[in-house]
Every structure is written in structure tokens, then in C-alpha cells.
Amino acid sequence: MKGLAFDVAHLLAGGLVLVSFMQLYQTRLYALLNVFAVQAVLLSLSVAWQAWVQDAPHLYITAAIAFLFKALIIPIAMHRIIARLGIERDVENVVGIGPTMLAGLALVALSIVVMLRIAEQADPLAREDLAFALSVVLLGLLMMVVRRNAVSMVVGFMSLENGLILAAAGAKGMPLVVEISVAFSVLVAFTVIGVFLFRIRERFDTIDSGALDRFQGDRQ
Amino acid sequence: MSGADFDAVTAILVVPAASAAALALIANYRVSAVVNVLSSLTTLLAAATMFVFKPATGLYFLVDDLNIVFIVLNTFVAFTTSVFSASYIGHELETGRLTPLHLRFYHAMYQILLFAMNLALVANNIGLMWVAIEMATLTTVAMVGIYRTQEAIEAAWKYFILGSVGIALALFGTILVYMAARPILGEGLSGMVWTILNAHVAEFDPALLNLAFVFLMLGYGTKVGLAPLHAWLPDAHAEGPTPISAVLSGLLLNVALYAVLRFKLLLDANPGAVAPGPLMATLGLVSLIFAAFMLYRRRDIKRLFAFSSIEHMGIIVFAFGMGGALANFAGLLHMTMHSLTKSAIFFTVGHIAQLKGTQRIADITGLTVTQPWLGWSLVVGVFAIAGLPPWGVFMSEFLVVTSTFARSPVLALLLVFGLLVAFGALMLRLQGMAFGEPTGGDRPSTASSLPIGAHFGLVLLAGIYPPPPLVAWFQHVAAMLR
């Protein structure tokens, strides 16, 4: 039983990292959003599995929020925004896909080396979860760095948040307050982002954040 | 525990929250400005009672000698800023930069920000503190973007993205602290409570704590505005309404600093963990020197003082990183002096920018002739922030430098170098603005002199004769910080 619990958790968390990699090489926004939805489904499965293994029923709520909000509502809403703005082909990478993938590999290697060595005392389930979670966080950061388009930056940010929730679920017995607040803050963050996207579209007719850089502070 | 104990903490949270709800409903901006001031004053008075009736420590709230300094400073500057804001916003409405609806939003957000900052300061729970800081960030993002100009939206977007990444890293650090605490304290709430963590931290796994501190330092350090992560700060200060610049510089940076200090205390108490001091001192020194050079190229007056905030946060973090009774004392004093001086400078700059209709330094000249009161206030403010005697900033900078000289002369030389570079830049810019050829903008100002006068008065008092009870208090806290 212990072996199975570990293997399934490992599989799901590993799946999350794999999907994070898939996000890195998507060249269309719709495809990117679909991959993000897959990641959210994997996240909710992973959290639900942790809930079952740890016998922590409150984690089911986190799993349900992740599924409803991140796998359904956000991708659908983003699809609509993209359709209305007509920007589905506008994914621009600052760095090429090859170097990005290599950087991603290096980040995953880094997080596994760091976490597995440091958290030797923690039980193996939590330890591996934390290592994968750190990988997802770092890959999300990488995505935000290499993309110039505002929508894909937002997706990178949400993918980063997925890593955080994976880590919070893996930390056994972490109080409920925190999980709900994480989910809630994502919601707040999204409304803020939504407002921004609208305003940005109104003002610039583009949501390529490179266009925002025309205004460079003091260089007037 | 008596009834009065409970009330002070509750009051500084409930009053802003309730007034935020009320302000969202009041349509007349004059009424809401008055309500804003009264509510901030009530919060300040409630915070001041904490000196006399010390609230009891629970699982969620904590008031000890360290955070009481932050709370009182926070509520005081929030109050004076609300007075300044009342004299500032009317003009924004006349020029059409803001509509009455925007003002309703602005006032409600101001109180929510005050609530979030107070919550972060009194929280006895690392999770609750994180939530409060996140809330404060989102509130200020909304306020920075309130003018809806291209520049304001870019500033808010940049602030939002960098702030969220910072806050996300801080959450990962928070989870790691809980992971380190779990084997000792068991599962559940107690692994996130400051007072319990502090009592048992010596038994935690040092390696996990080290890693946690890296994330926490980067995460909350972004919010402090430390050098490689500061990019949001100048834009957010320059494009938002000036009262928000004052609150950002004077208060929100301190709240993030408070979080860093708490985690530093935690690591200091664990014998196996790496000493957090050198990391903080390095980041602080880099911020100071970088910002000092950046001051020379500024053309926008609010950006100039935003970079000066980065510089001063660098000095403060450096002082706390050096540690020891004297350096900690200097850090606390410098933090207080910087908050008071910088917010007063922003009050002055806000009125100046309104009268001149521009924030470009090149277009703001000869202020001491056209606007004697504001012009001389600016001169006083820049002298004070540049660290000239007899102002309080001189005193605290002097203490930082002397305590560093005693322990590491090389670092002290770098510190003095940074301070001198910044001094030169500020004097260079001030000369044109205050004493150049007068250009227009000489209609009478409606500036409220009370907040500016009160802040400079306190800074002068601290420079000439710091009140002994205050010195004793700061010494006590400095000893607590190790």
C-alpha cells in the first residue's frame, strides 16, 4: 500500500513537470491554454491523491477548486479573451525553443539535486513532491522570462502557482487556512489580470508587453 | 487579559475594514476625505494605546516590542498621508485626471491597504502574514494603475508581475519553514505560529531553513525593493497618485522589511543554519551603491525620490545585516527617519507637481521664488534625506557608518562612498529646482502644511535631541534583534 501510494504520487507529480515542459514549446495561444488545462487537471488529481493518502479531507476542497477554477473557468475565459482580441498566433519567444528547453532541463536538475539532498529527513513522499513542486515553480518562472506576450506571461504565472499548491499539498497537515487563501489569491490575481488585459487592449490595441516598453521611464 | 487588551488589535483591523466598506458607498468626495482622515486617526489612537495596554499573544495575533514600533509608525504616517490626500485629491478632480467614481475606489482602497498592512504587522502566523502582504500588494497595484494612462498601466503591470513572482517565492519559503517545523512541532497550526517557531527553532533541520531563507529573502526582498529586484519600484512610485507614493515608500517597504527581519530572527536562533546577516548586508550594499549612481540620470522628480528610497532601504537592510546592538539600533532609527522624511518629501513633491503641471525636473525651476513654502520644504527635505546635520537621518547614517567601521573598515568605506555619490546627485538636482530661473506656477497653493511640518519637526527633534524613552525603547528592541 505504501509503495503504491508513493508511486502514484510520484507519477502525478512527474506528469506535472512534464506538462510544464510542454508549455515551453507551444507556439499558439490556444494550444498553450489547452496544455495549461491539462496541467490543472493533473494538479487536482495529484492533490486529491495526497488527500486520500494523508487522510486529510480538506485537501479535496483544494483539489476541487483547482479543477473547477483552473482547468475549466480560466481556460474558457482566456479562450474568449483571445478570440475577442484575435491574437491566437501571437506567441513570441524572446529566446529560441531549443535553448529554453535546455535551460528548463538544467532547472529541473538543479531543483532535484537541491531538494533531495536537503530534505533527507523528511519522509520520501513529501520530499519527492517538494522536488517536483520546485521544478514546476522554476519552469513557470522560466516561461515568464522567455515569453513576451501578456497572455503567456499570465499562463506562466499560473503554472508557477500550480507548483506552489503541489508543494502546499505535499507538506503534510499544513493548515487549511493557507490552501484556501492560495486558491483565493489566484482568483483575485486573475480578476486583476483580467482588468489589466482589458485596459491594455483598449489603450494599445495589443497585449504584447514588448509594446509597453516603448515607455522606458526616464528616456523621454 | 482585560477587555482593553483585546480591543487595540481588533480596533486597528476593524476600523480600516469598516471604513473601507463605508467609503465605497459615500459618493461625495469631500465627505469621504474627512471620513478617511477620521478613520486613520482612530486607528492611530488605537495603535498608541498598545504602549500602555500590551495586548495578549494568541495563535493568530502577536504584539511584542519589535512590531509595536512598526505598527505605530505605520498608523502615524497613514494618518498624516490621509490629511495630505484630502488637500491633494480635490485638484485631481478639477483637472479631470480622476472622476468621482475613481475617488470612491481610491478611498476604499486606501483603507483596505491600511488594514492589510496592519494585519501583516500583527500576524502571529507566517501564513496569515503572507496573505496580508499579498493583499497589500494587490491593493497598491490597483491604485498605481488608477490614472489609466499608458505609463500608469505599464507601471502597474510591471509591479503586478514582479510583485506576484516575489510573493510566490515567499510562499514557497513559507511552506519550507513549515516543512522544517513539522518533525518537531507535529502537524497543524502550531508549525506556523511565530512564538512557537521561535521557541523551538534550535531543533529544526538547518538545511531546510537555509533554503527557506533564500526564497523568503528573494520574495520579500522584491517587495523591499532590493537591487536586482527593484525594477517595479520607480515606475510604481512615479505613475500612481502621490499619496500612494508616500505610503509605498514610507510604509509598504517597511512591512516587507519586517517580514524579512522576523525570518532573520528565526534563522539566528538556529545554531546549524547559515547566518543570514552577510546575505542581507551584501544585498543592502549593492542596492545602496546601484541606486546612488542611478540618481544621476533621473529626469522625473518622483522617480528621483523613488531611487532614493531604494538607496535608503539598502542602508537599512545593510544595518540589520551587520547586526549587533549598535547597528540594529541605527537600522531601526534610520527606518523611522526615512519613513517620516520620505513621505514628507512626497507630500511636498505632490503639491509641486500639481502646481507646475509636470513631474519633469527640467521644467520645475526656481521654486523658492514662486512657491516659498513648498520650495523651502523641498530644500529642507532633500537636505534631511541626503543626511546633512542636524536632521535625524544624519544621526542614524552616522551610527551605521561608525558601527561598521569598528568591525569592517572596507565595508564602511563602500558605504560612505555610496552615501557621498547619492548626496552629490541629490544636491545637483535640488539646485535647479529650488534656485533656478523661476518659471510660472505661482498661483497660490492649497497645500496643507500640517503633515509636512509635523514630519520635518519630528525628524529635526530626533536629530537634535532624541527623546530618552524612545532611545531606551529602540535599544531594547535592538538587543532583541541580536
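Note that the coordinates shown come from a computational prediction; the quantities given were computed from them, not determined experimentally.

Caption draft 1: A look at the overall build of chain A. Scanning chain A from terminus to terminus reveals eight helices and zero strands. Reading chain A from its N terminus to its C terminus gives the helix and strand order α-α-α-α-α-α-α-α. Here the analysis covers contacts within chain A between residues at least 6 apart in sequence; of these, 72% occur between residues at least 24 apart.

Caption draft 2: Focus on the overall build of chain B. When its secondary structure is counted, chain B shows 19 helices and zero strands. Each of the three principal axes of chain B carries a C-alpha extent, and together these read 70 × 55 × 45 Å. Considering chain B as a whole, with its 482 residues, one finds that 61% of them fall into the buried category. Once local pairs closer than 6 in sequence are excluded, the contacts in chain B between residues at least 24 apart make up 81%.

Caption draft 3: Examining the environment of Met433 of chain B more closely. All names here are of chain B. Looking at where Met433 falls in the secondary structure, it is placed in helix 17 (residues 409-435). The spacing of Met433 and Val471 is 38 residues in sequence and 36 Å in space, taken between C-alpha atoms. Excluding residues that lie within four positions of it along the chain, Met433 makes contacts with Ile361, Ile364, Thr365, Leu367 and Leu378.

Caption draft 4: Spotlight on the packing of helix 16 (residues 392-407) of chain B against helix 18 (residues 449-464) of chain B. All names here are of chain B. Running from N to C, helix 16 and helix 18 point in directions that differ by 45 degrees, and their axes come no closer than 6 Å. By the criterion of interaxial angle, the relationship of helix 16 to helix 18 is oblique. Residue-level inspection shows Gly392, Phe394 and Met395 of helix 16 in contact with helix 18, the latter providing Val459, Ala462 and Gly463. Taken together, the residues of the contact of helix 16 with helix 18 break down into four nonpolar, two polar and no charged.

Caption draft 5: Representation of helix 5 (residues 126-144) of chain B. When the terminal C-alpha atoms of helix 5 of chain B are compared, their 27 Å separation across 19 residues agrees well with the 27 Å that a helix rising 1.5 Å per residue should span. Within helix 5 of chain B, 18 of the 19 residues are buried, leaving the element largely enclosed by the surrounding structure.

Caption draft 6: Focus on the nonpolar core. Residues and elements named next belong to chain B. Ala120 and Ala132 are the most contacted members of the largest nonpolar core, which has 244 residues in total. Looking at this core, the element that brings in the most residues is helix 6 (residues 150-185), giving 24 residues. With residues near it in sequence (within four places) discarded, Ala120 still touches Met129, Ala132, Ile133, Ala136 and Val255.

Caption draft 7: Structural view of helix 16 of chain B. Residues and elements named next belong to chain B. Its 16 residues give helix 16 an end-to-end C-alpha distance of 24 Å, which sits within 8% of 22 Å, the value for a rise of 1.5 Å per residue. Within the sequence span of helix 16, burial applies to Gly392, Val393, Met395, Ser396, Glu397, Val400, Ser403 and Thr404. On its buried side, helix 16 packs onto helix 12 (301-322), helix 13 (325-356), helix 15 (372-386), helix 17 and helix 18.

Caption draft 8: A look at the environment of Asp123 of chain A. With respect to the secondary-structure elements, Asp123 of chain A resides in the loop between helix 4 (97-118) and helix 5 (124-146). Taking the C-alpha atoms as reference, Asp123 of chain A lies 22 Å from Ser44 of chain A; in sequence the two are 79 residues apart.

Caption draft 9: Quick peek at the packing of helix 2 (residues 29-48) of chain B against helix 4 (residues 100-122) of chain B. Residue and element names in this part refer to chain B. The geometry of helix 2 relative to helix 4 is characterised by a closest axis approach of 10 Å and an angle of 5 degrees between their N-to-C directions. When the interaxial angle is binned, helix 2 and helix 4 end up roughly parallel. Across the interface between the two elements, Tyr29, Ser32, Asn36, Ser39, Ser40 and Thr43 of helix 2 pack against Pro100, Leu103, Arg104, His107, Tyr110, Gln111 and Leu114 of helix 4. The residue inventory of the contact of helix 2 with helix 4, partitioned by class, reads five nonpolar, seven polar and one charged.

Caption draft 10: Main features of the confidence of the model for chain B. Residues and elements named next belong to chain B. When pLDDT is averaged along chain B, the result is 88; 98% of the residues meet or exceed 70. Ranking the elements of chain B by mean pLDDT puts helix 1 (residues 3-23) last, at 81, and helix 12 first, at 94. This stretch, residues 1-5, has a pLDDT under 50; its non-local contacts, to residues over four places away or in other chains, come to six contacts. What the predictor reports for the complex is a pTM of 0.90 with an ipTM of 0.85.

Caption draft 11: Molecular detail of unusual backbone geometry. The omega torsion of the bond from Pro389 of chain B to Pro390 of chain B falls at 10 degrees, within 30 degrees of zero and hence cis. Examined against the element boundaries, Pro390 of chain B turns out to sit in the loop between helix 15 and helix 16.

Caption draft 12: Just the environment of Phe132 of chain A, in detail. All names here are of chain A. Counting through the fold element by element, Phe132 comes out in helix 5. The exposure class of Phe132 is buried, given the 28 C-beta atoms found within 10 Å. In this structure the C-alpha to C-alpha distance between Phe132 and Ile165, which are 33 residues apart in sequence, comes to 11 Å. Dropping the residues within four chain positions of it, Phe132 is found in contact with Ala13, Gly14, Leu16, Val17 and Leu166.

Caption draft 13: Broad picture of the confidence of the model for chain A. All names here are of chain A. Here chain A averages 77 in pLDDT, while 74% of its residues score no lower than 70. Across chain A, the secondary-structure element scoring lowest on mean pLDDT is helix 8 (residues 209-212), at 52, and the one scoring highest is helix 2 (residues 29-54), at 90. Under a pLDDT of 50 for its full length, residues 201-207 has, in the predicted model, 13 contacts with residues more than four places off or in other chains. A low-confidence stretch, residues 214-220 (pLDDT under 50), is modelled with 12 contacts involving residues beyond four sequence positions or located in other chains.

Rules behind the numbers
- Residues numbered from 1 in each chain as written.
- Chains lettered and ligands numbered in written order.
- Predicted model: local features only at pLDDT ≥ 70, side-chain atom pairs only at ≥ 80, totals over all residues.
- Helix = DSSP H or I, 4+ residues; strand = E, 2+ residues; numbered from the N terminus.
- Contact = placed C-beta atoms within 7 Å.
- Buried ≥ 20, exposed ≤ 12 C-beta atoms within 10 Å, placed from the backbone.
- Axes fitted to C-alpha atoms, helices over the stretch in contact; angles between N-to-C directions.
- Parallel < 35°, antiparallel > 145°, perpendicular 65-115°, else oblique.
- Nonpolar A, V, L, I, M, F, W, Y, C, P; charged D, E, K, R; others polar.
- Expected span 1.5 Å × (residues − 1).
- Core = buried A, V, L, I, M, F, W, Y, C linked by C-beta atoms within 7 Å.
- pLDDT = per-residue confidence, 0-100.

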